[in-house]
Amino acid sequence: MANIKSAKKRITVIENKTAQNKRVRDHLKEALKNYDLALESGNLEDAEQKLRIAEKKLMKAATKNVIHKNAASRRVSGLYKRLNKAKAE
């Protein structure tokens, strides 16, 4: 445990930021899971709506530095590829 007052403050700040990042990651995972389920069920209209939501969550996480912006872009690209492949079939 920290003895210095500023170090104690930093511990609480880190705990708060960790909780915020966890919330953002959980919402992101939920959005991606909803997209996967919509795509697997074959409902492409619903999948497109879920894709927009997932893309928004990914970019928001990248903006908040929860994930790297290139990783967010890469994941969005993969989601679109999967949707386009499902549409082609």
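For the structure itself, consult the block above.
## Details of the pattern of salt bridges
Point 1. This structure, assessed with the given rule, holds 4 salt bridges.
Point 2. We note a salt bridge from Arg82 to Asp36, for which the minimum N-O separation is 2.8 Å. Residue Arg82 is located in helix H3 (residues 69-88), and its partner Asp36 is located in helix H1 (residues 5-41); the two are separated by 46 residues in the primary sequence.
Point 3. Classification of Arg82 as partly exposed rests on a relative accessible area of 36%.
Point 4. The class for Asp36 is partly exposed, based on a relative accessible area of 26%.
Point 5. The salt bridge involving Arg52 is made with Glu48; its shortest N-O contact spans 3.9 Å. One end of the pair, Arg52, and the other, Glu48, are both in helix H2 (residues 44-63), 4 residues apart, so they sit about a helical turn from each other.
Point 6. Given a relative accessible area of 52%, Arg52 falls into the exposed group.

## Some details on a positive patch on the surface
Point 1. Where like charges cluster on the molecular surface, the positive patch consists of Arg23, Lys56, Lys57, Lys60 and Lys64.
Point 2. Element by element, the count of residues in the positive patch is highest for H2, at 3 residues.
Point 3. Its place among the elements puts Arg23 in helix H1.
Point 4. On the basis of relative accessibility, which here comes to 46%, the residue Arg23 falls in the partly exposed class.

## Examining the nonpolar core
Point 1. If you look at the biggest cluster of nonpolar residues, it comprises 19 residues, and the most contacted ones within it are Tyr35, Leu58, Ile67 and Leu79.
Point 2. At the level of secondary structure, the elements contributing two or more residues to this core comprise H1, H2 and H3.
Point 3. It is H1 that provides the largest number of residues to this core, a total of 7 residues.
Point 4. Beyond its immediate chain neighbours, meaning those up to four positions away, Leu79 contacts Leu32, Tyr35, Leu51, Ala54 and Leu58.

## A few points about unusual backbone geometry
Peptide bonds are, in most cases, trans, and in most cases residues other than glycine have a negative phi.
Point 1. Notably, Asn65 is not glycine yet its phi reads approximately 60 degrees, a positive angle.
Point 2. By the secondary structure assignment, Asn65 is in the loop between H2 and H3.
Point 3. Residue class for Asn65 comes out exposed when judged on its relative accessible area of 67%.

Procedures and definitions
Residues numbered from 1 in each chain as written. Predicted model: local features only at pLDDT ≥ 70, side-chain atom pairs only at ≥ 80, totals over all residues. Heavy atoms only, no water. Salt bridge = Lys/Arg side-chain N within 4 Å of Asp/Glu carboxyl O. Helix = DSSP H or I, 4+ residues; strand = E, 2+ residues; numbered from the N terminus. Buried < 20%, exposed > 50% of the residue type's maximum accessible area, 1.4 Å probe, protein only. Patch = residues over 30% accessible without salt bridge, like charges linked within 9 Å, V, L, I, M, F, W, Y side chains within 5 Å. Areas by Shrake-Rupley, 256 points an atom, 1.4 Å probe, with all protein chains shown as cover. Lys, Arg positive; Asp, Glu negative; His and termini not counted. Charge placed at Lys NZ, Arg CZ, Asp CG, Glu CD. Core = buried A, V, L, I, M, F, W, Y, C linked by side-chain atoms within 4.5 Å. Contact = heavy atoms within 4.5 Å.

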